[in-house]
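Given next are the chains, with one letter for each unit.
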Amino acid sequence: MDLKLLLISTLLGVFCYGSAQKEGNECINANAKYCGECIQAGAKCGWCTDPDFLKQGETVSTRCDELQSLRKRGCAEAMIENPRGGQRILKNKMVTNRNKGAEKLRPEDITQIQPQKLSLTLRSGEPQSFNLKFKRAEDYPIDLYYLMDLSYSMKDDLENVKNLGTSLMLEMSKITSDFRIGFGSFVEKTVMPYISTTPAKLLNPCTGDQNCTSPFSYKNVLKLTSDGSKFNTLVGQQHISGNLDSPEGGFDAIMQVAVCGEQIGWRNVTRLLVFSTDAGFHFAGDGKLGGIVLPNDGKCHLENNIYTMSHYYDYPSIAHLVQKLSDNNIQTIFAVTEEFQPVYKELKNLIPKSAVGTLSANSSNVINLIIDAYNSLSSEVILENSKLPEGVTIAYTSLCKNGVVSEGESGRKCSNISIGDEVTFTIGVTAKGCPKQGKSETIKIKPLGFTEEVEITLNFICECECHKDGIKNSNRCHFGNGTYECGACKCNEGRVGRQCECSSNEVATEDMDRTCRNGTDICSNNGDCVCGTCECKKRENPEERYSGQYCECDNFNCDRSGNKLCGGHGRCECRVCICDPMWSGSACDCSLDTSTCLASNKQICNGRGKCECGICKCTNPKFQGPTCETCPTCPGVCAEHKECVQCRTFGTGEKKDTCERDCSYFNLIKVKDREKLPQPNDATFPVMHCKERDANDCWFYYTYAVNNNTEKEVHVVDTLDCPAGPDIIPIVAGVVAGIVLIGLALLLIWKLLMIIHDRREFAKFEKEKMNAKWDTGENPIYKSAVTTVVNPKYEGK
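About the cut-offs
- Residues numbered from 1 in each chain as written.
- Predicted model: local features only at pLDDT ≥ 70, side-chain atom pairs only at ≥ 80, totals over all residues.
- Heavy atoms only, no water.
- Helix = DSSP H or I, 4+ residues; strand = E, 2+ residues; numbered from the N terminus.
- Buried < 20%, exposed > 50% of the residue type's maximum accessible area, 1.4 Å probe, protein only.
- Contact = heavy atoms within 4.5 Å.
- Areas by Shrake-Rupley, 256 points an atom, 1.4 Å probe, with all protein chains shown as cover.
- Disulfide = S-S within 2.5 Å.
- Axes fitted to C-alpha atoms, helices over the stretch in contact; angles between N-to-C directions.
- Parallel < 35°, antiparallel > 145°, perpendicular 65-115°, else oblique.
- Nonpolar A, V, L, I, M, F, W, Y, C, P; charged D, E, K, R; others polar.
- Arc of directions from axis to C-beta.
- Salt bridge = Lys/Arg side-chain N within 4 Å of Asp/Glu carboxyl O.
- Pairing = 2+ DSSP bridges.
- Patch = residues over 30% accessible without salt bridge, like charges linked within 9 Å, V, L, I, M, F, W, Y side chains within 5 Å.
- Core = buried A, V, L, I, M, F, W, Y, C linked by side-chain atoms within 4.5 Å.
- Phe/Tyr/Trp six-rings, centres within 6.5 Å; stacked < 30°, edge-to-face > 60°.
- Lys NZ or Arg CZ within 6 Å of the ring centre and 35° of its normal.

**A look at the overall build of the chain**
Helices and strands together make up the secondary structure of the chain, namely 17 helices and 44 strands. Within the chain, the proportion of its 797 residues that are buried is 45%. Pairs at least 24 apart in sequence give 61% of the contacts found in the chain among residues at least 6 apart. For the chain, the computed accessible surface area is about 43200 Å², with 51% contributed by carbon and sulfur atoms.

Written out as structure tokens, the structure reads:
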């Protein structure tokens, strides 16, 4: 429980603080001229009391800034005025732990809320939160006043109500041992429905032989009592009355019951008012029909238990009635017939801690109606506060049953609370500025329908502590023209300037302007000349400032790195970055810290480069990595990573059992074939191609590289390249030998068959040759191919 409350309080504080951040630097926007004005601007504002804090050209109001900014600008912690609020619990009586049947306590001795009284000291914009505990007490006393409409239509209802006293006492004894009941009745203003009737009609307004009592506005029949039989006796003596219009004057009666506490007999306990009727109601303005124009004064006017001013004052308004019921902690139960349920349900929505029940035609169910309505009202606690001083706000957060947390308007209430249950509310009170000129105020918070309340005294911080040490008419303020307080001059009326050195009538003279010129421009066009001194203008962004004798400097026109002024590692002074320790460069973007360049061997960049701005610049381009530790193209790289690539890709190798532990230092990307591996010419960083063989003489291919983000990455072909295995050779050899033998056999058979065939053909030829017979005659057409020619000159020599 305590942890949840602490969390709620923290969230409430964060919520209340958050709104100021949306509007920029509220401290600078306040343009505070003195410390008290500064601390009223917001909870994060502080005032630097260092006399030498302001730079040339800066106005007095620049002493007021957010605490972090003041420290950053060089104001020592001890010189920052930053008063804080606080709280003191003045009365903190524990809630009552009491069981039914235990020793009877007086109502004033029963405590249901804690604490009862406290004091809050409020600083503008800083919420003060505290926890309010509520515990519904066991056997808590109850006062119930039954207010009944006695117009003629309620005749049968009166008969049932006559025995209500003892019956209701019996039922309520199951809830509390201390119960009191009272009775009152109402009809209507006598001037309203009988303006033109006869006196006899006033004496007996009923028709026929009915005997009715004279009409009346409100009558207190029985003061609250614990004697149920007395209730029965007095109610049994009541008679019905009558009127001419349907709406009744019940609001007059409710007002008198609420404000006539002594006559009714209300105690500081649970107060219930049961309003029973079968008609509507008149409200403010209806009295004009009878010539009554004075508004209801909300005061008690009972004489001899009868309301005597009904003819003089108009009906009360609903808002007036709500206020009086709330002020007197009365919870109302409207017991009305079904016909008027919609009207009274709308009225219930306007009256906090009220309930509506459906009354049967003869009121026979009135006891069950009251019990159900009481259980409904008592199971819900709703906090309300008195009127708040101007500039003060209050926020509620509830921690109800089963750990249900609600905020905003829902944070005011908890439902489904049983007897003995305890709930907690976290209440945050925040002031803006200095309400009531710093005078203390008192507010009260209480649960609706209960008399107990928390009294809170509000004290406001409107001035700084250093204000007490202020020196009036100090010589530091130009011959006593101001009060020197909190490191600055607070000028007397009619005086201006940092030391109150000028009269307000002398501010804009040409002689003074001359001392503000830097060349041709007055205050570099970035300020105003006040008393011959430049007071620099403020920018829309309160973090940006002009300074210098002529407002020639600023803190926002310096070099940037990473879209940050001075790289976020320095401050801008007069357009030059003043770097934080361990940073350098025109934009403070160069780190002088060499720890980021330190290799595992404790050498800077492994001795292979220089550390520049926290980054290793390797002297040999072959080396890569944050500390020049890798050389993807150097011999031995492939062998170094072989086992890890093998185990992560194929689940084999010497490191397969320790793969997850030893081999997670690179990113693995699998590809389908060697063509998909990164090529040296395609990458913007060196890539090493590797070919390694496993124990089964299978080859696998991969590349190793360190990319531009200094991440090690390996691309690997996800299939092995294996040669034919040794077990298949004998099989292949056997198959080949078999094929050869078969071939030789077939060749021999073919040769043998060819020899046999040739021999058979030759024998057949020889036989045919021997059997052939040739014709010897000459061919008649034959001519010899030889022609003989004799040379005539040839002589045979």
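From this point, the discussion proceeds with the structure in view.
**Notes on the state of the cysteines**
Applying the stated criterion across every chain yields a total of 26 disulfides. The disulfide that involves Cys260 links it to Cys300, with 2.0 Å between the sulfurs. Of note, the bridge from Cys260 to Cys300 carries an S-S torsion of about 115° and is right-handed in sense. On the criterion of sequence distance, the pair formed by Cys260 in the loop between helix H9 (250-259) and helix H10 (261-264) and Cys300 in the loop between strand S11 (270-277) and strand S12 (302-303) is long-range, its members being 40 residues apart.

**A short note on the packing of helix H6 (residues 164-172) against helix H8 (residues 228-236)**
The geometry of H6 relative to H8 is characterised by a closest axis approach of 6 Å and an angle of 150° between their N-to-C directions. Considering the angle they form, H6 stands roughly antiparallel to H8. Residues Leu164, Gly165, Thr166 and Met169 of H6 pack against Gly228, Ser229, Phe231 and Asn232 of H8. Residues belonging to the contact of H6 with H8 are distributed by class as follows: three nonpolar, five polar and no charged.

**A few points about helix H12 (residues 341-350)**
Those residues of H12 that sit buried are Gln341, Tyr344 and Leu347. Along the axis of H12, the buried residues cluster in a sector spanning 125°; they form a single face. Seen from the buried face of H12, the exposed residues on the opposite side, beyond 90 degrees, are Pro342, Glu346, Asn349 and Leu350. In the core, the buried residues of H12 are packed alongside H9, S11, helix H11 (318-327), strand S14 (330-337) and strand S15 (354-359).

**A few points about the pattern of salt bridges**
Taken as a whole, this structure holds 28 salt bridges when the rule is applied. Measuring nitrogen to oxygen at the nearest pair gives 3.5 Å for the salt bridge that ties Arg106 to Glu108. Accessibility assignment for this pair places Arg106 and Glu108 in one class, exposed. Notably, a salt bridge pairs Arg412 with Glu409, separated by 3.4 Å at the nearest N-O pair. The class of Arg412 is buried, set by a relative accessible area of 18%.

**Some points on the sheet that holds strand S42 (residues 687-693)**
One open sheet accounts for four strands, arranged S41-S44-S43-S42; its pairing is mixed. Each having just a single partner strand, strand S41 (667-671) and S42 make up the two edges of the open sheet. Strand-to-strand twist in this sheet, taken as the mean axis angle between neighbours without regard to direction, amounts to 25°. Relative to strand S44 (residues 712-717), S41 runs parallel, the two sharing five bridges. Bridging from a neighbouring strand, Val671 pairs with Val717 of S44. Relative to the sheet, helix H15 (residues 637-650) contacts S41, S42, strand S43 (699-706) and S44, its axis offset from that of S43 by approximately 115°.

**Comments concerning the environment of Cys523**
Note that Cys523 resides in the loop between strand S28 (521-522) and strand S29 (527-530). Cys523 sits 13 residues away from Cys536 along the chain, and the two C-alpha atoms are 7.4 Å apart. Discounting chain neighbours no more than four positions away, the residues touching Cys523 are Cys516, Asp528, Cys529, Cys534, Tyr550 and Cys551.

**What to know about a nonpolar patch on the surface**
The grouping of Val736, Val740, Leu741, Leu744, Leu747, Trp750 and Met754 at the surface amounts to a nonpolar patch, some 680 Å² of accessible area in total. By the element assignment, Val736 lies in helix H17 (residues 729-770).

**A word on the nonpolar core**
Grouped together as the largest cluster of nonpolar side chains are 37 residues, with contacts concentrated most on Leu144, Tyr146, Leu168 and Phe183. Examining the composition of this core, we find that eight residues originate from one element, helix H13 (residues 366-378), more than from any other. Setting aside chain neighbours within four positions, we find Tyr146 in contact with Val161, Leu164, Gly182, Phe183, Gly184, Phe231, Val274, Ser276, Val366 and Ile370. Ranked by size, the runner-up nonpolar core spans 30 residues in total, among them Ile254, Ile264, Tyr313 and Leu347.

**Quick look at the packing of aromatic side chains**
Two descriptors summarise a pair of aromatic rings, namely the distance from one centre to the other and the angle between the planes of the rings. A complete count under the given rule lists 16 aromatic pairs for this structure. With centroids separated by 5.3 Å and ring planes inclined at 75°, the aromatic side chains of Phe134 and Phe450 adopt a geometry described as edge-to-face. Linking Phe134 in strand S7 (residues 128-135) with Phe450 in the loop between strand S21 (441-447) and strand S22 (454-460), this pair joins segments that are 316 residues apart in sequence. When sorted by exposure, Phe134 lands in the same class as Phe450, which is buried. Considering the side-chain rings of Tyr546 and Phe556, the 5.5 Å spacing of their centres and the 75° angle between planes classify their relative orientation as edge-to-face. Taken together, the positions of Tyr546 in strand S31 (residues 546-547) and Phe556 in the loop between strand S32 (553-554) and strand S33 (560-561) put the pair ten residues apart, joining distant regions of the chain. Relative accessible area serves as the criterion here: at 14%, Tyr546 is assigned to the buried category. By way of ring pairs, the aromatic residues Phe186, Phe251, Phe275, Phe281, Phe283, Phe334 and Tyr344 are connected into one cluster. Here Lys490 stacks its cationic end above the ring of Tyr34, 4.0 Å away from the centre of that ring.

**Section: unusual backbone geometry**
Cis geometry is found at the peptide bond from Gln114 to Pro115, where omega equals 0°. The residue Pro115 is located in the loop between strand S5 (113-114) and strand S6 (117-122) in this model. Although it is not a glycine, Asp697 sits at a positive phi angle of roughly 65°. For Asp697, the position within the fold is in the loop between S42 and S43. The partly exposed category is assigned to Asp697, whose relative accessible area is 41%.

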